[in-house]
Amino acid sequence: MIMQLVDTHVHINFDVFHSDLEALCSRWREVGVVKLVHSCVEPAEYSGIKALADQFPELSLAVGLHPLDADKWTEQMSSQICVLAHSDPRVVAIGEMGLDFFKAKNQQLQKTVFTAQLAIAHQLDLPVIIHCRDAAAVMRELLQRFWEDHGPVRGVMHCWGGTPEETQWFLELGFYISFSGIVTFKNAKQVQASAVMVPSDRLLIETDCPFLAPVPKRGKRNEPAYVRYVAEQVACLRDVSLETIAAQTTQNACQLFGLAHDYL
């Protein structure tokens, strides 16, 4: 059987891809990418993302508000996200959502918006795609509090860049951990250590394209086909075969996001 990969976080709706989408698709199919989860920065993107899923049937969808766009949040947006998530069975997650204290100082607003989207995901029984930068301790606290008040929410810490200690926090909360091209960077020792410790049944891979292209494409526009380089590095770090990582991460993506198994 041909090796199959799932890229669990892409942004191919960005302008940088508009001129060569068909070639982009050909390349991801050539390396065995059979499913992609298209993340969402804000609900206004959704119609364009949905059109891409109409064009490329491998795409599943998410809808949510990125923490760096927290100032766009309104009370109406909560119902808007719910309606969009209900509108199409290809919506498999709420996100991306989370906390980013590296670039923004509106920490209280981010926490409010994050908790509101957790409630949506809990209500709809959908997983969350979590962006967490320089905010792991606060993120852990918010998730623990939500769990105690409402019950658990499942999901993924996407494009993970935390330490092994922080990784363990989110594993204990039941989350999957997804590694991006960062894991291929020479100086990303903490991320690489985290990639070794994550249990096989919680491991995911992604590109977060067009950002963070992995070695040997670092500095170039990232694209879904490059998820293979992430898989190769994770396999090397864990001392297993590429085929093993491909099979494990594909199965995990199907489990978390409820992706169809008919192509496996």
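Our structure is the block above this text.
The rules behind the values
Residues numbered from 1 in each chain as written. Predicted model: local features only at pLDDT ≥ 70, side-chain atom pairs only at ≥ 80, totals over all residues. Heavy atoms only, no water. Helix = DSSP H or I, 4+ residues; strand = E, 2+ residues; numbered from the N terminus. Polar contact = N/O pair within 3.5 Å; in protein donor to acceptor, adjacent residues only side chain to side chain. Contact = heavy atoms within 4.5 Å. Salt bridge = Lys/Arg side-chain N within 4 Å of Asp/Glu carboxyl O. Buried < 20%, exposed > 50% of the residue type's maximum accessible area, 1.4 Å probe, protein only. Expected span 1.5 Å × (residues − 1). Arc of directions from axis to C-beta.

Draft legend 1. Examining the side chain of Thr-184 more closely. Relative to the helices and strands, Thr-184 is located in the loop between strand E7 (176-179) and helix H7 (189-197). Polar side-chain contacts of Thr-184 include one of 2.6 Å to the backbone oxygen of Gly-181. Filtering out sequence-adjacent residues up to four positions away, Thr-184 remains in contact with Gln-192, Pro-214, Val-215, Tyr-229, Val-230 and Gln-233.

Draft legend 2. Examining the pattern of salt bridges more closely. Going through the model one piece at a time under the given rule, you end up with 13 salt bridges. Salt-bridge contacts for Asp-20 lead to Arg-27; the nearest nitrogen and oxygen are separated by 3.7 Å. Accessibility expressed as a relative area gives 30% for Arg-27, which makes it partly exposed. Among the charged side chains, a salt-bridge network with shared partners connects Asp-20, Arg-27, Arg-221 and Glu-223.

Draft legend 3. Region of interest: helix H4 (residues 107-124). Over its 18 residues, H4 runs 26 Å from end to end, which matches the ideal 26 Å to within 8%, given 1.5 Å per residue. Residues of H4 that are buried include every one of Gln-110, Val-113, Phe-114, Gln-117, Leu-118, Ile-120, Ala-121 and Leu-124, and no others. The buried residues of H4 occupy an angular sector of 160° when the element is viewed end-on, so they sit on one face. What points out from H4, more than 90 degrees from its buried face, is the exposed set Gln-108 and Gln-123. Where H4 is buried, its residues meet helix H3 (75-87), strand E4 (91-100), strand E5 (128-133) and helix H5 (136-150). Just past H4, the residue Asp-125 takes up positive phi, approximately 55°.

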